[in-house]
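Chain by chain, the residues run as shown.
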Amino acid sequence: MTLIFMITFLVSCNTEKKSYTSFDAYPSPIQETLWPNYTKEASIFKLWSPTADKVILNLYDNGSEGHPLERHEMIRYAEGIWSTRIQGNLQGTYYTYRVHIDGEWLEETPGVYAQAVGVNGKRAMVLDLETTDPEGWETDKGPDLEHPNAAIIYELHIRDMTIQPLSRSSMPGKYLGLIEEGTKNPDGLATGIDHLKELGITHVHLLPTFDHYAIDETKLDSAQFNWGYDPQNYNVPEGSFATDPYRAEVRIEEFKKLVKGFHDQGIGVILDVVYNHTGRTAESNFNQEVPEYYYRHWNDGSLSDAAACGNETASERPMMRKFILESVAYWTREYHLDGFRFDLMGIHDIDLMNEVAKKVQEINPNAFVYGEGWTAKDSPYPADKRALKKNTVHMPQITAFSDDLRDGLKGSVFEDSSTGFVSGARGTEESVKFGIIGAIAHPQIEYEEVNYSDAPWTNNPWQAVSYVSCHDNHTLYDKLKVSRKDASEQEIIAMAKLANAIVLTSQGTPFLHAGVEMLRTKNGEHNSYDLPDGINQIDWNRKKRYREVFEYHRNLIALRKAHPAFRMATGALVRSNLKFQKTEDGLISYQLNTQGTSDPWNKILVIYNARTTSIEYSLNETWQVAVMGNTFDFEGTNNATGSVDIPPISMVVCFQK
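As the structure is a computational prediction, the values presented were derived from the model and not from experiment. The residue count restarts for each chain, going from 1 along the sequence in the order it is written. In keeping with the model being predicted, local features are shown solely for residues with a pLDDT of at least 70 and side-chain atom pairs are shown and tallied solely at 80 or more, while totals for entire chains, interfaces and linings include all residues. The side-chain quantities take in all heavy atoms of the structure and omit both hydrogens and water.

Enquirer: Help me understand the sheet that holds strand 1 (residues 37-38) in this model?
Expert: Hydrogen bonding along the main chain pairs the strands of a sheet, whether they run parallel or antiparallel. By the convention used here, strands pair only if DSSP detects at least 2 bridges between them. By definition, any uninterrupted DSSP run of H or I lasting at least four residues is a helix, any uninterrupted run of E lasting at least two residues is a strand, and each is numbered from the N terminus. The four strands lie next to each other as 1-2-6-5, forming an open sheet whose pairing is antiparallel. Two strands close off the open sheet at either side, each with one partner strand: strand 1 and strand 5 (75-76). Here strand 1 runs beside strand 2 (residues 42-48); their pairing, made up of two bridges, is antiparallel. Within strand 2, the position partnered with N37 by the bridge is I44.

Set out below in structure tokens:
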């Protein structure tokens with residue numbers, strides 16, 4: 001391999017720098033490997049910078065301090081690639097690149113393809129990645145998944161779950177703390193991973209866990225919090241969650257242990273990724289290597305900012321596309337991930353997202369990809385080419401969040417006083433029905449009455465993420481409190497339960513915000529991205545206080561897992577099997593036939609009553625009652641004939657064998 005490499009580049013070395021009239025004219029060596037290449041005999045370093053005059057490789061003995069031990073001038077080869085080969089075993093050696101363009105030395109970077117970094121991500125480290133594999137890693141794998149809507153996703157922030165002392169974690173806020181078994185709150189109730197096992201979810205969605213700027217890893221004795229949507233090094237785990245952020249290998253090994261810890265319990269791991277923008281702009285690693293290339297601009301040359309974070313990346317450019325595709329493949333292969341959630345996916349192009357899904361599933365057939373099908377602001381990239389929610393039909397392996405269902409259930413996330421179906425709003429039924437079927441085409445939906453979508457936007461129901469709350473905006477409990485200040489606590493509890501009852505009996509891919517099962521509150525804060533732990537932490541006292549709500553969610557999950565009729569794989573199956581029965585103000589009911597689903601029940605009747613009064617619902621047949629209020633009876637020991645009394649703000653599920 002080394003001989004072939006040397007021959008290839010000796011033929012094309014000493015290529016002179018060229019001038020380019022546009023970014024489209026830049027050379028695009030998309031087949032070239034730009035990742036660091038380590039062996040015990042030598043290490044190869046490569047950087048793509050077609051406009052550079054010089055590139056220097058600096059070697060250090062640590063990740064943060066001191067002057068370089070050595071400096072090596074890299075050699076320019078064809079297509080803007082700079083490379084050097086350093087003899088000897090460099091394991092544990094830190095390094096940076098520095099690019100010289102038009103008479104100016106830019107800032108040092110660890111390289112955008114860095115796989116290991118020291119404290120605060122300033123310097124990369126040469127590392128034999130196999131040395132970071134935990135015991136049993138070679139046989140580790142996540143759960144099998146027939147279709148994405150068989151997953152039950154739980155979105156969490158690593159620090160939130162264990163940072164409160166009541167979690168009784170021995171490593172609060174750390175990777176290893178999250179997978180620590182046997183932890184209990186003072187009431188003897190499970191916390192951490194044991195809580196998740198008890199709840200029954202199938203996948204955890206980790207808020208951004210790659211290396212980001214916001215947290216100063218040299219000051220972890222002081223409380224710091226950030227969601228992490230400010231990417232620094234895309235291919236390295238965040239150091240603040242590691243037990244030692246100074247040693248580059250530690251965060252890698254501990255993140256792998258976290259993944260394996262979840263896999264050992266049958267739980268998949270999904271990573272929230274933010275390829276749509278960088279945490280910094282002029283100072284970003286991308287701009288220190290190839291200025292301006294990786295970003296979109298308006299016609300006047302100014303940076304576009306569809307992410308509302310200062311910039312947006314240009315996924316349609318070959319080397320940005322190459323980076324994203326290779327990055328998700330790297331995380332899937334090296335860290336055994338089971339999926340990705342794309343932040344502001346609507347900034348990316350449709351072709352990229354189709355390639356992402358293909359690339360990920362080639363490595364892990366059980367992995368899946370979903371994202372936000374919108375942008376925060378406008379973009380110069382044509383809307384018909386963006387990976388927007390309305391274009392999901394052109395991305396057959398991609399899933400997008402259903403804000404139609406989210407706001408149909410609880411009201412607009414942007415208006416505190418706005419209410420939805422569960423909180424008493426009228427005229428939201430079609431939006432909820434559209435969410436129930438997973439945003440497919442269905443003859444019983446009046447699309448002009450749906451809140452945001454005037455047409456179906458999925459081919460199959462699992463392409464829609466069914467949810468009512470996430471890290472953004474108010475928690476469900478806080479939203480219900482702020483929008484229905486007149487409601488009693490018991491009414492708020494009933495609304496919250498009904499909201500996720502609908503989520504977990506809808507045909508889309510269900511998604512739960514961490515702590516919703518015990519009515520998580522952030523004291524009314526709607527944007528807690530950098531607020532203290534006191535606001536963001538999971539309060540484990542609430543598991544006892546709202547034990548009824550926890551048990552309700554646990555039973556909902558068990559119901560969904562036991563009955564594939566709630567997670568049909570195709571739009572055709574949903575259209576043939578799901579028939580809406582009644583749609584009135586505050587009432588939705590439908591019947592599920594189960595043909596083609598292998599469901600143990602023959603027929604299922606689902607009734608959602610959002611009214612504050614009970615409803616006597618007429619029946620033409622005798623049904624067995626599986627869910628009534630807080631009671632879950634999967635054997636259906638009680639029958640309903642003639643009519644069934646639906647309690648206020650609740651769901652009833654009946655079945656026939």
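Enquirer: Please explain the pairing of strand 7 (residues 94-101) as it appears in this structure.
Expert: Within a regular strand, side chains alternate between the sheet's two faces. Partly exposed residues are those whose accessible area sits between 20% and 50% of the maximum for their type, while under 20% is buried and over 50% is exposed, using a 1.4 Å probe and protein chains only. Of all eight residues making up strand 7, seven are buried, and the element is well covered by its neighbours. The pairing of strand 3 (residues 54-60) with strand 7 spans seven bridges and is antiparallel. Within the sheet, the bridge partner assigned to Y60 lies in strand 7 and is Y94. Where strand 7 and strand 9 (residues 124-125) come together, two bridges link them in antiparallel fashion. Note that in strand 9 the partner of Y94 across the bridge is M125. The pairing of strand 7 with strand 8 (residues 104-105) spans two bridges and is classified as antiparallel. Bridging across to strand 8, I101 finds its partner in E104.

Enquirer: Could you clarify how one ought to interpret a negative patch on the surface in this entry?
Expert: Surface patches are defined over residues having more than 30% relative accessible area and no salt bridge, joining like charges when they lie within 9 Å and nonpolar side chains (Val, Leu, Ile, Met, Phe, Trp, Tyr) when within 5 Å. Each accessible area value is a Shrake-Rupley result obtained with a 1.4 Å probe; residue values ignore everything except the protein chains displayed when judging cover. A pair is scored as a salt bridge if a Lys or Arg side-chain nitrogen falls within 4 Å of a carboxyl oxygen belonging to Asp or Glu. When charges are tallied, Lys and Arg are placed among the positive residues and Asp and Glu among the negative ones, while His and the ends of the chain are skipped. One atom stands in for each charge, and that atom is NZ of Lys, CZ of Arg, CG of Asp or CD of Glu. A cluster of acidic residues, E104, E107, E108 and E283, forms a negative patch on the protein surface. Relative to the assigned elements, E108 resides in the loop between strand 8 and strand 9.

Enquirer: It is not clear to me how the packing of helix 5 (residues 248-264) against helix 7 (residues 318-335) should be interpreted in this structure. Could you clarify?
Expert: Each pair of packed helices can be summarised by the angle the axes make with each other and by the distance between the axes. Axis separation between helix 5 and helix 7 bottoms out at 10 Å; the angle between their running directions is 75°. As summarised for this structure, helix 5 and helix 7 are arranged roughly perpendicular, according to the angle between their axes. Across the interface between the two elements, I252, F255, K256 and V259 of helix 5 pack against W331, E334 and Y335 of helix 7. In this count, Pro and Cys sit with the nonpolar residues alongside Ala, Val, Leu, Ile, Met, Phe, Trp and Tyr, while Asp, Glu, Lys and Arg are called charged and the others, Gly among them, polar. A breakdown of the residues in the contact of helix 5 with helix 7 according to their chemical character gives five nonpolar, no polar and two charged. Axis definition: a line fitted to C-alpha atoms, over the contacting stretch in the case of helices. Angles run 0 to 180 degrees between N-to-C directions. Comment on the angle field: the value is read as roughly parallel under 35 degrees, roughly antiparallel over 145, roughly perpendicular from 65 to 115, and oblique elsewhere. Whether two residues touch is decided by their heavy atoms; if any such pair falls within 4.5 Å, the residues are in contact.

Enquirer: Would you take a moment to explain the side chain of S453 for this structure?
Expert: With respect to the helices and strands, S453 occurs in the loop between helix 10 (429-436) and strand 18 (464-466). Take S453: its relative accessible area is 6%, and that puts it in the buried class. Any pair of nitrogen or oxygen atoms within 3.5 Å is treated as a polar contact; in protein, a donor-acceptor pairing is required on top of that, and neighbouring residues in sequence qualify only through side-chain atoms on both sides. For S453, the side chain forms a polar contact with the side chain of K389, separated by 3.3 Å. A distance of 3.0 Å separates a polar atom in the side chain of S453 from a polar atom in the side chain of D404.

Enquirer: Could you clarify how one ought to interpret the pairing of strand 24 (residues 623-628) in this entry?
Expert: Across three bridges, the pairing between strand 24 and strand 26 (residues 638-640) is antiparallel. Looking at the pairing, V625 lines up with N638 of strand 26. Where strand 24 lies against strand 28 (residues 650-656), four bridges are found, and the strand directions are antiparallel. Residue pairing for strand 28: M628 is matched across the bridge by V652.

Enquirer: So what exactly am I meant to see when it comes to the pattern of salt bridges here?
Expert: Side chains that differ in sign of charge can pair as their charged atoms come close. Taken as a whole, this structure holds 39 salt bridges when the rule is applied. Here K260 and D264 are joined by a salt bridge, their closest N and O atoms 3.1 Å apart. Of the two residues, K260 and D264 both sit in helix 5, four residues apart, roughly one turn of that helix. A salt bridge links R341 to E372, with the nearest nitrogen and oxygen atoms 3.4 Å apart. In this pair, R341 is assigned in strand 15 (residues 339-342) and E372 in the loop between strand 16 (368-371) and strand 17 (398-401), connecting sequence segments 31 residues apart. One exposure class covers both R341 and E372, and it is buried. Each of the salt bridges in this network shares a partner with another, and the network as a whole consists of E198, K543, R547, E551 and R554.

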